[in-house]
Amino acid sequence: MAATPATLPVLKSIEDFIEGSYDYIVVGGGNAGLTLAGRLSEDPSISIAVIEAGGAKIGDPGVLTPAAFPSLFGKPEYDWDFHTLPQAGTNGTKHSWARGKLLGGTSAINYMMYARGQVEEFNDWNRIAGVKNWGWDGIKPYFSKCESFDKRISPEDKDSKDYSHLEEHHNYDGPIKTSYASFRSSSERAYHEAAINCGFKVPVDAWSGVNHGIGANLSTIDRSGPGTRSYAVTGYLVPNGQRPNLAVLTDAHVEKVIFEKGTDGTQVAKGVAFSHGGKSYTLLHKGATILSAGAVMTPQILELSGIGSKSVLDKAGVECLIDNPRVGDVEDHIMSGITYNLVDGEFSLDHVNTPEVFTKLAKQYAAGEGGPLAHGVSNSGFLSLFDVSTEEERKNIYELVETHKKTLTNDFDRKREDMLLARLKDPKAAILQFISLNVNIDFGARHDMSIFLGQSVGTTRWSTCVGLHHCFSRGSIHITSSDPKSPPAIDAAILDHPVDELLMSFGVRLIDKILNTSPMKEKLASRVRPTPEVDLSDTEQAVKYIKGHTGTEFHPIAGASLGLVVDDELNVKGVKGLKVCDSSIIPLHISGNTQGICYAMGEKAADMLKEDRRAAATTKKLGELTL
Ligand SMILES: Cc1cc2nc3c(=O)[nH]c(=O)nc-3n(C[C@H](O)[C@H](O)[C@H](O)COP(=O)(O)OP(=O)(O)OC[C@H]3O[C@@H](n4cnc5c(N)ncnc54)[C@H](O)[C@@H]3O)c2cc1C
């Protein structure tokens, strides 16, 4: 039987919730927050409260059915539906920035791709943040711990060489299920073959820390039944739904962290203020409050609580307790792409949007037979600058970076650009991601997700997305008011740095070459975006296209970066009793989609807290012995 809120005793009424006494308060029941709460509550001596702004939505078919995710965007019961400020780099567009507003957070509404990144990207976290815990060796065990890998391949693909993994990099009994696509269309197979014909290789195991190449993708889809989303709720909440030491309150908006000055003058977090059902409440912790409100809201809550740039806080009318101008930094992956009409007779997910076809497929899915509604992304590729550019183009890029670096005024930003430059000089360092789907994507409609992913009735299309995973541009997320319900101002800085548009144009040019290589070219009819007369081998024309057809890949990070805002143990610098555990602690981007890191980070943070408690208990015992 599917779990419902009624069958999960951890979901509390406000009266029961507020009566509880908790060691830890986790703000945000999302991807990292529920992972952390699920693991921490394994220890019955630790009590945990989770406060989530959205609803529970447990068992919701829109969340669980893989191909239904585009229907969730823009709806207030699923999506915060943030928008950026007008972006100069993309002709003034105010970009849609979806974020999950329900239990499971963004893991409940994402595309379910499962990636991990490259070894040196994680080692750079340690280097840039001046910490020790977070290199590849520090995070790799937790990637494995959360995974339950289903290595089955569809029967039609059993002899295909596009699938490759090594057992030692996977786990088979973790909470989050990962699986290959349940079927591939003939055009998806042809795409792989064309990539191989262009000289690209299938990675030996793209989840081993070496992802360079083009190969099969894993999705967080549970294929033990018809194919359903595996996410923070199914992995970390439902199985622990009877625990007496875990309490979850939904529809409760945390407004700020409450501080008191300690005897040594340090600000000490005591708990949080939140609203629920139109009333205001205060909840105090015995141990710590942990912000897991995600890449947009965690920096917002920090600033509302007085931790951030003094000038930002002064303007918003918030008293500044800790002046830290790096709260609210933001780095993202950006994405453009190309769309073609498929030739007659090719399968396209666009057909799912035709009412009669949808009804038929819904019946197939409801009968437990999977089909296109259970579809996940079948492929993913990570390529380097060397794969997409000429020697002369690389020289130009390196010079542009060096020139731009001279305009930077602080060490962190210079060090960051040095690290990004080193990546551009490494032939195996992935900087661009390529994802192909049998579907129409309107890359020119980045202001509205319902157009971006929803305009496919009557079309039969193919789209390849090109994502820049190491953007030089870095923007900001800041409050403009002391009102907790007022969304922050997001300046995503899309295409701000002159190098980013060039890297994107090289990526788009390369993918058009692959799509025009046999046997893929025989699957495609006319190009839709850009229109056929646009010459993508001409950088100027390619850049013009990019500016009108680029937006977020939905992977913002860095609002509470390791080293700049939190320390190695995730403590917010300058205060006591407050930690952060979500995508905002990531100081530098990885080549890969970000949910995998959020699970791994929640796992790791739980271990660190358990270890702290063990150490404190031992110290206490030793102290008693001495006495
Ligand atoms: C459209 C889209 C597609 C994506 N596709 C993929 C993909 O295919 N693969 C992949 O790996 N990644 C993908 N991502 C990114 C990935 O899902 C996120 O990076 C990750 O889930 C973020 O996790 P988090 O824990 O940082 O935050 P979230 O999971 O967003 O959790 C934050 C939680 O805090 C709650 N909250 C916020 N403010 C408050 C408040 N004031 N009070 C109480 N609660 C609050 C939120 O409602 C939310 O539940 C995608 C993202 C989007 C938007």
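The rules behind these values
- Residues numbered from 1 in each chain as written.
- Predicted model: local features only at pLDDT ≥ 70, side-chain atom pairs only at ≥ 80, totals over all residues.
- Heavy atoms only, no water.
- UniProt positions renumbered as here; feature names shortened; annotations may be inferred.
- Helix = DSSP H or I, 4+ residues; strand = E, 2+ residues; numbered from the N terminus.
- Contact = heavy atoms within 4.5 Å.
- Buried < 20%, exposed > 50% of the residue type's maximum accessible area, 1.4 Å probe, protein only.
- Axes fitted to C-alpha atoms, helices over the stretch in contact; angles between N-to-C directions.
- Parallel < 35°, antiparallel > 145°, perpendicular 65-115°, else oblique.
- Left-handed = near helix turned anticlockwise from the far one by under 90°.
- Near = heavy atom within 4 Å.
- Polar contact = N/O pair within 3.5 Å; in protein donor to acceptor, adjacent residues only side chain to side chain.
- Areas by Shrake-Rupley, 256 points an atom, 1.4 Å probe, with all protein chains shown as cover.
- Nonpolar A, V, L, I, M, F, W, Y, C, P; charged D, E, K, R; others polar.
- Phe/Tyr/Trp six-rings, centres within 6.5 Å; stacked < 30°, edge-to-face > 60°.
- Lys NZ or Arg CZ within 6 Å of the ring centre and 35° of its normal.

The name recorded for the protein chain in an unreviewed UniProt entry is Dehydrogenase, from Lachnellula hyalina. As recorded by UniProt, the Cofactor (unreviewed entry) comment attached to the protein chain reads in full: "FAD". Annotation of the protein chain in UniProt includes, under Sequence similarities (unreviewed entry), the sentence "Belongs to the GMC oxidoreductase family."

Visitor: Would you take a moment to explain the UniProt feature "binding site: FAD" (unreviewed entry) in the protein chain for this structure?
Guide: Per the UniProt record, "binding site: FAD" (unreviewed entry) is found at Thr106 and Val254. On the secondary structure map, Thr106 appears in the loop between β4 (96–97) and β5 (113–114). Leave out the neighbours within four places in its chain, and Thr106 touches Arg99 and Gly100. Apart from residues lying up to four places away in sequence, Val254 is in contact with Val27, Ile51, Val272, Ala273, Phe274 and Ile301.

Visitor: I'm lost on unusual backbone geometry in this one. Help?
Guide: What you tend to see is this: most non-glycine residues have negative phi, and most peptide bonds are trans. Put simply, Ser518 and Pro519 share a cis peptide bond, and its omega is 0°. By the element assignment, Pro519 lies in the loop between α15 (498–515) and β25 (524–529). Residue Arg529 is joined to Pro530 through a cis peptide bond whose omega torsion reads -5°. Its location among the elements puts Pro530 in the loop between β25 and α16 (539–548).

Visitor: Explain helix α5 (residues 136–146) here, please?
Guide: Helical geometry note: an α-helix holds 3.6 residues per turn, so side chains three or four residues apart project in the same direction. The element α5 is extensively covered by neighbouring structure, given that 8 of its 11 residues are classed as buried. Looking only at α5, the buried set comprises Trp136, Gly138, Ile139, Lys140, Tyr142, Phe143, Ser144 and Cys146.

Visitor: So what exactly am I meant to see when it comes to the packing of helix α6 (residues 186–197) against α15 here?
Guide: In helix packing, the relevant descriptors are the interaxial angle and the interaxial distance, both defined with respect to the helix axes. For the pair α6 and α15, interaxial distance at closest approach is 8 Å and the crossing angle is 110°. As judged from the angle between their axes, α6 and α15 are roughly perpendicular. Crossing of α6 over α15 shows right-handed handedness. Here α6 contributes Tyr191, Ala194 and Ala195 to the contact with α15, which in turn contributes Ile511, Ile514 and Leu515.

Visitor: Explanation requested: the environment of Met419 in the structure shown.
Guide: With respect to the helices and strands, the residue Met419 is situated in helix α13 (residues 411–424). Residues Met419 and Ser481 lie 62 residues apart in sequence; the distance between their C-alpha atoms is 35 Å. Apart from the residues lying within four places of it in its own chain, the contact partners of Met419 are Asp124, Arg127, Ile128 and Leu588.

Visitor: What should I look at first to understand the site of the ligand in this one?
Guide: Close to the ligand lie 38 residues; Asn31, Glu52, Thr106, Ser583 and Thr594 are nearest. Here Ala53 contributes a backbone N or O atom positioned 3.1 Å from a nitrogen atom of the ligand. Computed on the free molecule, the ligand has an accessible area of 1000 Å², of which 99% lies beneath the protein chains in the complex. The set of elements that each furnish at least two residues to the shell around the ligand consists of α2 (31–40), β13 (252–261), α8 (294–304) and α17 (595–626). Of the residues contributing to the shell around the ligand, the split by class is 17 nonpolar, 17 polar and 4 charged.

Visitor: For this particular structure, what's the right way to read the side chain of His469?
Guide: Considering the arrangement of structural elements, one finds His469 in the loop between β22 (461–468) and β23 (475–478). Within polar-contact distance, the side chain of His469 engages the side chain of Gln433 at 3.0 Å. At a separation of 3.0 Å, a polar atom in the side chain of His469 contacts the main-chain amide nitrogen of Gly592.

Visitor: Explain the packing of helix α12 (residues 391–405) against α13 to me, please; I cannot follow it from the model alone.
Guide: Viewed as axis vectors pointing N to C, α12 and α13 meet at an angle of 175°, and their least axial separation amounts to 10 Å. The angle between α12 and α13 falls in the class roughly antiparallel. Side by side, α12 and α13 meet where Ile397, Tyr398, Val401, Glu402, His404 and Lys405 of the first sit next to Arg414, Glu417, Asp418, Leu421 and Leu424 of the second. Looking at the contact of α12 with α13, its residues break down into 5 nonpolar, 1 polar and 5 charged.

Visitor: Before we go on, may I ask you to explain the packing of aromatic side chains in this structure?
Guide: Describing an aromatic ring pair means giving the distance of the ring centres and the angle of the ring planes. A full pass over the atoms with the stated rule returns 18 aromatic pairs. Centroid distance Trp80 to Phe82: 5.8 Å. Interplanar angle 5°. Geometry classified as stacked. Residue classification places Trp80 among the partly exposed residues on the basis of a relative accessible area of 21%. Relative accessible area serves as the criterion here: at 5%, Phe82 is assigned to the buried category. Judged by centre distance (6.1 Å) and plane angle (20°), the ring pair of Tyr236 and Tyr599 falls under stacked. On the criterion of sequence distance, the pair formed by Tyr236 in helix α7 (residues 232–237) and Tyr599 in helix α17 is long-range, its members being 363 residues apart. Across this residue pair, the class does not change: Tyr236 and Tyr599 are buried. Directly above the ring of Tyr78 sits Lys57, whose terminal nitrogen or CZ lies 5.0 Å from the centroid.

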